[in-house]
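For reference, the chains in residue letters:
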Amino acid sequence: MNLKGRNFITLKDYSPEEIGYLLELASDLKAKKKQGITGNSLKGKNIALIFEKPSTRTRCSFVVAAVDEGAHPEYLGKDDIQLGHKESVEDTARVLGRVFDGIEFRGFKHKTVEDLAKYAGVPVWNGLTDDYHPTQILADLLTMKEHFGYLKGLRFVYAGDGRNNMANSLMIGMSKMGVHFTILAPESLWPKNELVELCQGYAAESGSTITLTEDTDAVKDADTIYTDVWCSMGEEDKAAQRITLLKPYQVNKELMEKTGKDTTIFMHCLPAVKGNEVTEEVFESGASVVFDEAENRMHTIKAVMVATLGE
Ligand code: CP
Ligand code: NVA
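All of the points below concern the structure found in this document. The model shown is predicted, which means the values in this text are computed figures rather than measured ones.

## Some thoughts on the overall build of the protein
Okay, step 1: Of regular secondary structure, the protein possesses eleven helices and nine strands.
Okay, step 2: Relative to its length of 311 residues, the protein is compact, with a C-alpha radius of gyration of 19 Å against a globular reference of 19 Å.
Okay, step 3: Projecting the C-alpha coordinates of the protein onto the three principal axes gives extents of approximately 55 × 45 × 35 Å.
Okay, step 4: Here the protein holds 311 residues, and the buried ones make up 57% of them.
Okay, step 5: Of the roughly 13100 Å² of accessible surface on the protein, a fraction of 49% belongs to carbon and sulfur atoms.

## Section: the site of ligand 2
Okay, step 1: The local shell around ligand 2 consists of Leu128, His133, Asn164, Asn165, Asp228, Val229, Ser232, Met233 and Leu270.
Okay, step 2: A distance of 2.7 Å is found between a nitrogen atom of ligand 2 and a side-chain nitrogen or oxygen belonging to Ser232.
Okay, step 3: Within the backbone of Met233, one N or O atom sits 2.8 Å away from an oxygen atom of ligand 2.
Okay, step 4: For ligand 2, the protein covers 94% of the area, taking 270 Å² as the surface of the free molecule.
Okay, step 5: When atoms are counted within 2 Å of each cavity's grid points, the one that captures over half of ligand 2 is the largest pocket.
Okay, step 6: Here the residues of the shell around ligand 2 sort into four nonpolar, four polar and one charged.

## Remarks on the site of ligand 1
Okay, step 1: Ser55, Thr56, Arg57, Thr58, Arg106, His133, Gln136, Cys269, Leu270 and Arg297 make up every residue found near ligand 1.
Okay, step 2: Take Arg106: an N or O atom from its side chain is 2.8 Å from an oxygen atom of ligand 1.
Okay, step 3: In this structure, a nitrogen atom belonging to ligand 1 sits 2.9 Å away from a main-chain N or O atom of Cys269.
Okay, step 4: Counting atoms within 2 Å of the grid points, the majority share of ligand 1 lands in the largest pocket.
Okay, step 5: Among the residues making up the shell around ligand 1, the classes are represented as two nonpolar, five polar and three charged.

## Points about the pairing of strand β6 (residues 180-184)
Okay, step 1: When you tally the buried positions in β6, you get five out of five residues, the bulk of the element.
Okay, step 2: Burial of β6 is two-sided: the residues His180, Thr182 and Leu184 facing one way and the residues Phe181 and Ile183 facing the other way are all buried.
Okay, step 3: The pairing of strand β5 (residues 155-159) with β6 spans five bridges and is classified as parallel. Note on β6: the bridge partner recorded for Phe156 is Phe181.
Okay, step 4: Handedness of the β5-helix α6 (residues 165-176)-β6 crossover: right-handed.
Okay, step 5: By the bridge criterion, four bridges tie β6 to strand β7 (residues 210-213) in an arrangement that is parallel. In the strand pairing of β7, Ile183 is matched with Leu212.

## Brief notes about the pairing of strand β9 (residues 265-268)
Okay, step 1: Burial along β9 is two-sided: the residues Ile265 and Met267 and Phe266 and His268 are all buried.
Okay, step 2: As judged from the four bridges shared by strand β8 (residues 224-227) and β9, these two strands associate in the parallel manner. Across the sheet, the residue bridging to Thr227 is His268, located in β9.

## Considerations on the layout of surface pockets
Okay, step 1: Counted as a void, the largest pocket has a volume near 740 Å³.
Okay, step 2: What lines the largest pocket is a set of 36 residues, among which Asp130, Asn164, Asn165, Met166 and Ser232 lie closest to the centre.
Okay, step 3: Residue assignment for the lining of the largest pocket shows that the elements contributing at least two residues are α2 (57-68), α6 and α7 (193-206).
Okay, step 4: When residues of the lining of the largest pocket are assigned to their parent elements, the largest contribution, three residues, is made by α6.
Okay, step 5: A breakdown of the residues in the lining of the largest pocket according to their chemical character gives 13 nonpolar, ten polar and 13 charged.
Okay, step 6: In this structure, the second largest pocket spans a volume of roughly 230 Å³.
Okay, step 7: If you go around the second largest pocket, you meet 16 residues; those closest to its centre are Glu52, Leu83, Gly84, Val89 and Thr112.
Okay, step 8: Broken down by element, the residue count for the lining of the second largest pocket peaks at three residues, all from helix α4 (residues 110-120).

## With respect to the nonpolar core
In globular proteins that are soluble, nonpolar side chains generally tend to be buried together.
Okay, step 1: The biggest cluster of nonpolar side chains holds 60 residues, and the ones touching the most others in it are Ile47, Met144, Phe156, Tyr158, Leu170 and Met305.
Okay, step 2: Broken down by element, this core gets its largest block of residues, eight residues, from helix α11 (residues 290-309).
Okay, step 3: Here Met305 is in contact with Leu42, Ile47, Phe62, Ala65, Ala66, Trp125 and Gly310, once residues within four sequence places are set aside.
Okay, step 4: Within the second largest apolar cluster, 21 residues are counted, among which are Leu189, Leu255, Ala287 and Val290.

## Regarding unusual backbone geometry
Glycine aside, residues mostly have negative phi angles, and peptide bonds mostly take the trans form.
Okay, step 1: A cis amide bond, omega 0°, links Leu270 with the succeeding residue Pro271.
Okay, step 2: One non-glycine residue, Leu128, lies in positive phi territory at about 120°.
Okay, step 3: Of the residues examined, Leu128 reaches a relative accessible area of 6% and is grouped as buried.
Okay, step 4: Positioned with a positive phi, Leu270 is a non-glycine residue whose angle comes to about 65°.
Okay, step 5: Assignment of secondary structure puts Leu270 in the loop between β9 and α10 (280-283).

Calculation notes
- Residues numbered from 1 in each chain as written.
- Chains lettered and ligands numbered in written order.
- Predicted model: local features only at pLDDT ≥ 70, side-chain atom pairs only at ≥ 80, totals over all residues.
- Heavy atoms only, no water.
- Helix = DSSP H or I, 4+ residues; strand = E, 2+ residues; numbered from the N terminus.
- Rg over C-alpha atoms; globule rule 2.2 N^0.38 Å.
- Buried < 20%, exposed > 50% of the residue type's maximum accessible area, 1.4 Å probe, protein only.
- Areas by Shrake-Rupley, 256 points an atom, 1.4 Å probe, with all protein chains shown as cover.
- Near = heavy atom within 4 Å.
- Polar contact = N/O pair within 3.5 Å; in protein donor to acceptor, adjacent residues only side chain to side chain.
- 1 Å grid on protein atoms, 1.4 Å probe; cavity = no way out; pocket = protein on both sides within 12 Å on 5 of 7 lines; lining within 4 Å.
- Sits in = over half its atoms within 2 Å of the grid points.
- Nonpolar A, V, L, I, M, F, W, Y, C, P; charged D, E, K, R; others polar.
- Pairing = 2+ DSSP bridges.
- Right-handed = clockwise from strand over helix to strand, strands pointing away.
- Points joined across faces, edges and corners; volume = space filled by probe spheres on them.
- Core = buried A, V, L, I, M, F, W, Y, C linked by side-chain atoms within 4.5 Å.
- Contact = heavy atoms within 4.5 Å.

Following this line, the structure appears as structure tokens:
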């Protein structure tokens, strides 16, 4: 599989086989790292890490993954560069593309990462935008694969803000990989029709299904219950309204028991607001695999960089 020179903007651009390949590569890199073996695949490469929004997992994963493979990562915070202040995205992209070998971008508008990719001339990786968070999905798929041993046919329910970057990206990733996907959310927070239709096409090809529902009974038989914050970065003013709207969709012991399975796992991209989208009890329970997901961010981000930029 040759992914050299490719951008990583959303999983729409990657086939199920390519996603499978990235998961295998991540698994391999993870096993090697556990034995103390790191590589030289990115030796001599310089990597720009642009962050308009804060980050713990994504930033640290890119830095450690880059260093593990011999690259130099350079963190560029929102007030550190001219982007968005004195310089257009197009010009910043052309400058950084002359200086760096790869560029990660986390920020607000999805169009910014698309424009960076269009003009930089080097691989651009999406570290989260208002609309998508594709590197997180690789970590989530790897975590599920490690836990269950397979992906195809698993039943996945996402409860909460059903139209945020996580819900959108999970719907793409799960439908491509043959995982039955349900959005459990009030209708006002369902994903855009256009994206649902696109993912229904992926699901038809992979043999999975997509369900949108307001009914918590839909968690019956779920293998995974996933949630994310009710207010994403940049939406802090919506807190009161979201709490009222989403309270019935909190992941608590009762919702976990409603699956009728004692093998259901709880997942969350983190950071979590305990007491809102998930109770402390579920978060700390044996069903919770949230820190496996967090660790897997590093191994999967490393796989993306090695596959698209590595020697
Ligand atoms: N899950 C995730 O992207 O975490 P950070 O915001 O800490 O990077
Ligand atoms: N939906 C969250 C994800 C954080 C990793 C946000 O955008 O803030």
